[in-house]
4 protein chains.
Amino acid sequence: MPAKARTIDLNADVGEGYGAWPAAADTELFSLISSASIACGFHAGDPTRMREAASLAARNRVMVGAHPGYPDLLGFGRRELGASAPEVRDYVTYQVGAMMACAAAAGTRVRYVKPHGALYNRAAREPAIARAIAEGVRAADPNLALLGLAGSALLSSADEVGLRPVAEAFLDRGYRKDGSLVPRDDPGALIHDPSIAATRAVRLVIERVVETADGGVIPVAAESLCVHGDGAQAVLVLRAVRQGLAAAGISVAPFSR
Amino acid sequence: MPAKARTIDLNADVGEGYGAWPAAADTELFSLISSASIACGFHAGDPTRMREAASLAARNRVMVGAHPGYPDLLGFGRRELGASAPEVRDYVTYQVGAMMACAAAAGTRVRYVKPHGALYNRAAREPAIARAIAEGVRAADPNLALLGLAGSALLSSADEVGLRPVAEAFLDRGYRKDGSLVPRDDPGALIHDPSIAATRAVRLVIERVVETADGGVIPVAAESLCVHGDGAQAVLVLRAVRQGLAAAGISVAPFSR
Amino acid sequence: MPAKARTIDLNADVGEGYGAWPAAADTELFSLISSASIACGFHAGDPTRMREAASLAARNRVMVGAHPGYPDLLGFGRRELGASAPEVRDYVTYQVGAMMACAAAAGTRVRYVKPHGALYNRAAREPAIARAIAEGVRAADPNLALLGLAGSALLSSADEVGLRPVAEAFLDRGYRKDGSLVPRDDPGALIHDPSIAATRAVRLVIERVVETADGGVIPVAAESLCVHGDGAQAVLVLRAVRQGLAAAGISVAPFSR
Amino acid sequence: MPAKARTIDLNADVGEGYGAWPAAADTELFSLISSASIACGFHAGDPTRMREAASLAARNRVMVGAHPGYPDLLGFGRRELGASAPEVRDYVTYQVGAMMACAAAAGTRVRYVKPHGALYNRAAREPAIARAIAEGVRAADPNLALLGLAGSALLSSADEVGLRPVAEAFLDRGYRKDGSLVPRDDPGALIHDPSIAATRAVRLVIERVVETADGGVIPVAAESLCVHGDGAQAVLVLRAVRQGLAAAGISVAPFSR
């Protein structure tokens, strides 16, 4: 009896330049991923870049996602900002709407939303913020999926407000025992070795587990795998991941809607 | 034989605060106008304010418009910025999309777009910029109307790209013989007397003419009348205009779509 | 034997508009205070407004202070931002330097620095941030005084790095037993009654105590009294405070350097 | 009889990143230039980067300049902005003051100011703007030199207000017959060939002439030579220029003050 055909979504952040400052390696990234989370102008990204990224996605048959962040260009959306839940909700609605129009200008559509940086992390642990994000997305378009860390408050909130929750796992970030990510400034936060990422990808698809920074293994049920690293490094990791997945008979395609 | 029932649209800019800085007299404005051009975050406005303005509009049965401007918060979008036509097009798409989502969050919809400040003025005289704006609007939603100065390049461009053009006339700005506005810093640019504005409104509806700064009269066919002045002054002008229109048997309602 | 002549400094935040958005009641404020903390462009304020505020201060014999905040125009610097200590240090140096030049352009000089909003509050409780601010100020000019909440980490840091620490007390904010302020969103955070503020001012100068929100009294040794409320309300409070101080034989003048 | 020892200043723009976006090749640039024009946060640059660039300059015995631009991060200060002369003056004062403090934090001092991009170009042709810049610089510190295009209105204004004018010539930009630069988007605007730049540098020092885009030669008396190109290309050009200058017996050192 033949094995069931396996498929997984690969997502990465793209369009994270601003004006004259480029986003590293975007063009190459598009040939390696199946979902592109496009920055929406608050932490990075600008109107022209958003339209162009959506256009590149369309040409590469890559699914378009909106990647809203805190209004903190100077900190690249990686710093916690004490915005209230209603503020967060409205920031998300605004950015998703802007991305929807830029995608339309490129002849395509936004299919999902994934919050960026500090907002993503806060949404993983603060239910009120997770809920605000989910409401902000639903207000813009109730047919959008909401991508978040497997097991996070963000996915519960997606479910609560009637959005399709999509769990993701990170191929290049360290995991803690409780399923949360090792903070970016701590040792073990980043995985630079492409072969480790590739092995992790295959295991996530077949065994549905991930290795933690302390050497253990925890169950993770993910519909999408994220390579988060910027530019050149992300390309190297993604190439290894695609080879590893192909060798294991796993194809790469957008998550189903 | 009874006279034909006459109707005219009254529009004003609203939501032009930012964060902690309020937009003067917005709440009262909404009871006096039939169309609200809501600032979209580039020259003024922010996500929360945009949602709230759309919500106020809905409650007052006021039609919602997007009011995109140059990315120049410090200059309130009133300074010329040498953005290229493609940049302008994308800035418009982005802001209109953001406003569409904020309107959706408030349970309503954007029906038209009116560019702000220096962008509006440039669009009146530069066909390439007018065209870029029209294309930027159409990309976001081809069903939107495009509001511009009667006789301007912007309205021709709306027509060219298949958008519904809506001509407006200003009740509180001086006109030159060629139908353009007296520049904001020149004498006669602003009309502060509510009774003059009221008389002008009635004449625009019934005779389809406007007085120029040099005492002449030129034909102006407008579907919408704009009171542009900020805050308290706009309220005084609008009250007088509504009284004048009512006395002349003219009712106020959104332009037809 | 005659009583010792008593003097106290009265400070308020000024210049907190941005571009087209005004700062309420600034002109009147300058006739009531002896020290002006001028916003430096990150949470509010802009180059022209900074020069003008310094000019107004000079004309009114008011001492000029720099009032640096987080780079969060949208949140008016009132939201916590997870900036690192080195970032905070550099933000302070930048803003103080900008203010120094704007003051020079107005023919005057910056004499002190007082952090704004969330940065002020964080500096009251986080020694590393307090130290970063003090270092940022010293780097710009080691002769500047550093104004902070009486008893706060900010004043200790000023002392450590060799800056003159100046303790202030608030006339219009609620106090907790430990000398910290009642958070802005909690009940009792704001004191609106001018007569209460006036009584508090006199007591702070003569008895060196302040009433807490729970009805107690704590010792507070302050060289400057702050009225923090915006615009019209601040003017009312300051008028009552000046009357109260005058009636008690206390004169208002900048703190000594 | 030995030839007179010849010396010339080489300047380049540095620190033109923002937050997470790097400025290309800054570290290497510092070993090749004698004057560094550091972006001040309006078109590029941020407080931390400004302090670090000043620190790198000090370590490399490179003279520190402030490089103020229009407040247009999205357009990298390359787009014309209709700011008024007083606004421009205050923008310059603000940015120069910020840079002065950041330089002080790095243990060094700002010695000159060179406007950036569209502001530089406008100052070359509009006397009122040139004058506003010169006044803005003088207000911050009357001992600063003002660097501008040889023969431009900016240098006349420096002279008028009592600042030291320093004429510069560009090694990698095309010249027109009247001594102005070929606009950035026109053919011949940019010179990419390092050997042409090197030959031009030597000729500018020895013969005090520059070749124009149409093949002629015009006199240019420059105290500083600018390589303007970003990052990697600038490094290649500067290396060739230094070799060419050295071969011609010309040493590189900051212009005298």
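Look up a bit, the structure's there.
In this text the structure is predicted, and so the values were computed from the model without any measurement.

Chemist: So what exactly am I meant to see when it comes to the packing of helix α4 (residues 117–125) of chain C against helix α5 (residues 127–140) of chain C here?
Modeler: Residue and element names in this part refer to chain C. With their axes 6 Å apart at the nearest point, α4 and α5 run at an angle of 115 degrees to one another. As α4 runs across α5, the sense of the crossing is left-handed. Listed contacts from α5 to L119, R122, A123 and R125 of α4 are P127, I129, A130 and I133. Split into classes, the residues belonging to the contact of α4 with α5 amount to 6 nonpolar, no polar and 2 charged.

Chemist: How do you make sense of the relation of the copies chain D and chain C when you look at a structure like this?
Modeler: Between the two copies of this chain, the relationship is a rotation about some axis together with a displacement along it. When chain D is brought onto chain C, the operation consists of a screw motion whose angular component is 180 degrees and whose axial shift is 0.0 Å, with 0.0 Å RMSD remaining. Here the two chains are linked by the operation of a two-fold rotation axis.

Chemist: What am I meant to see in the relation of the copies chain B and chain A here?
Modeler: Note on the identical chains: chain B maps onto chain A by a rotation of 180 degrees and an axial translation of 0.0 Å, with an RMSD of 0.0 Å. Take the interface residues of chain B: 100% of them recur as interface residues in chain A, which is what a same-surface contact looks like.

Chemist: Hey, could you run me through helix α5 (residues 127–140) of chain B in this one?
Modeler: Counting along an α-helix, one turn takes 3.6 residues, and residues three or four places apart therefore face a common direction. The terminal C-alpha atoms of α5 of chain B lie 20 Å apart, and with 14 residues this matches the ideal 20 Å at 1.5 Å per residue to within 8%. If you check which residues of α5 of chain B are buried, you get I129, A130, A132, I133, A134, G136, V137 and A140 of chain B.

Chemist: I would appreciate a short explanation of the pattern of salt bridges in the present structure.
Modeler: Side-chain pairs of opposite charge can arise where the charged atoms are in close proximity. All names here are of chain A. Throughout the structure, instances matching the rule amount to 76 salt bridges over all chains. In this structure, the salt-bridge partner of E211 is R200, at a minimum N-O distance of 3.9 Å. Of this pair, E211 sits in strand β7 (residues 209–211) while R200 sits in helix α7 (residues 194–206), placing them 11 residues apart in sequence. Relative accessible area serves as the criterion here: at 23%, E211 is assigned to the partly exposed category. Looking at R200, the relative accessible area reads 4%, which means it is buried.

Chemist: Would you take a moment to explain the interface of chain D and chain C for this structure?
Modeler: By a widespread convention, an interface's size corresponds to the accessible area lost as its parts come together. The interface of chain D with chain C comprises 22 residues on the first partner and 22 residues on the second. Joining chain D to chain C, the criterion identifies 2 salt bridges. With a closest N to O distance of 2.7 Å, D90 of chain C and R51 of chain D form a salt bridge. Where chain D meets chain C, there are 6 residue pairs in polar contact (both at pLDDT 80 or more). Elements represented by at least two residues in the side of chain D that touches chain C include exactly α2 (47–59), α3 (85–105) and α5 (127–140) of chain D. The element contributing the most residues to the side of chain D that touches chain C is α3 of chain D, with 13 residues.

Chemist: Which parts of the structure should I look at to understand the interface of chain B and chain A?
Modeler: On the chain A side, the residues contacting the 22 residues of chain B number 22 residues. Buried surface at the junction of chain B and chain A, summed over both partners, amounts to about 1500 Å²; 65% is from carbon and sulfur atoms. Looking at the side of chain B facing chain A, the largest losses of area belong to P47, D90 and Y94 of chain B, adding up to 39% of the total buried there. The interface formed by chain B and chain A holds 2 salt bridges in total. At the boundary of chain B with chain A, the tally comes to 6 residue pairs in polar contact (both at pLDDT 80 or more). Residue composition of the side of chain B that touches chain A, grouped by class: 14 nonpolar, 4 polar and 4 charged.

Chemist: Whenever I open this one, the pairing of strand β3 (residues 63–67) of chain B confuses me. Can you help?
Modeler: On a regular strand, one side chain projects to one face of the sheet and the next to the other, so that they alternate. Residues and elements named next belong to chain B. Within β3, 5 of the 5 residues are buried, which leaves the element mostly enclosed by the surrounding structure. Two strands pair when backbone bridges link them, and strand β2 (residues 35–39) and β3 are joined in this way by 5 bridges, in the parallel orientation. Counted as the bridge partner of S35 is M63 from β3. Handedness of the β-α-β unit built from β2, helix α2 (residues 47–59) and β3 comes out right-handed. Across 3 bridges, the pairing between β3 and strand β4 (residues 110–113) is parallel. By the bridge assignment for β4, V64 is matched with V110. Read from β3 through helix α3 (residues 85–105) to β4, the crossover connection turns out right-handed.

What counts as what
Residues numbered from 1 in each chain as written. Chains lettered and ligands numbered in written order. Predicted model: local features only at pLDDT ≥ 70, side-chain atom pairs only at ≥ 80, totals over all residues. Heavy atoms only, no water. Axes fitted to C-alpha atoms, helices over the stretch in contact; angles between N-to-C directions. Helix = DSSP H or I, 4+ residues; strand = E, 2+ residues; numbered from the N terminus. Left-handed = near helix turned anticlockwise from the far one by under 90°. Contact = heavy atoms within 4.5 Å. Nonpolar A, V, L, I, M, F, W, Y, C, P; charged D, E, K, R; others polar. Least-squares fit on C-alpha atoms with pLDDT ≥ 70 in both. Expected span 1.5 Å × (residues − 1). Buried < 20%, exposed > 50% of the residue type's maximum accessible area, 1.4 Å probe, protein only. Salt bridge = Lys/Arg side-chain N within 4 Å of Asp/Glu carboxyl O. Polar contact = N/O pair within 3.5 Å; in protein donor to acceptor, adjacent residues only side chain to side chain. Buried area = accessible area lost by both parts, 1.4 Å probe. Pairing = 2+ DSSP bridges. Right-handed = clockwise from strand over helix to strand, strands pointing away.

Geometric values such as these leave the question of function open.
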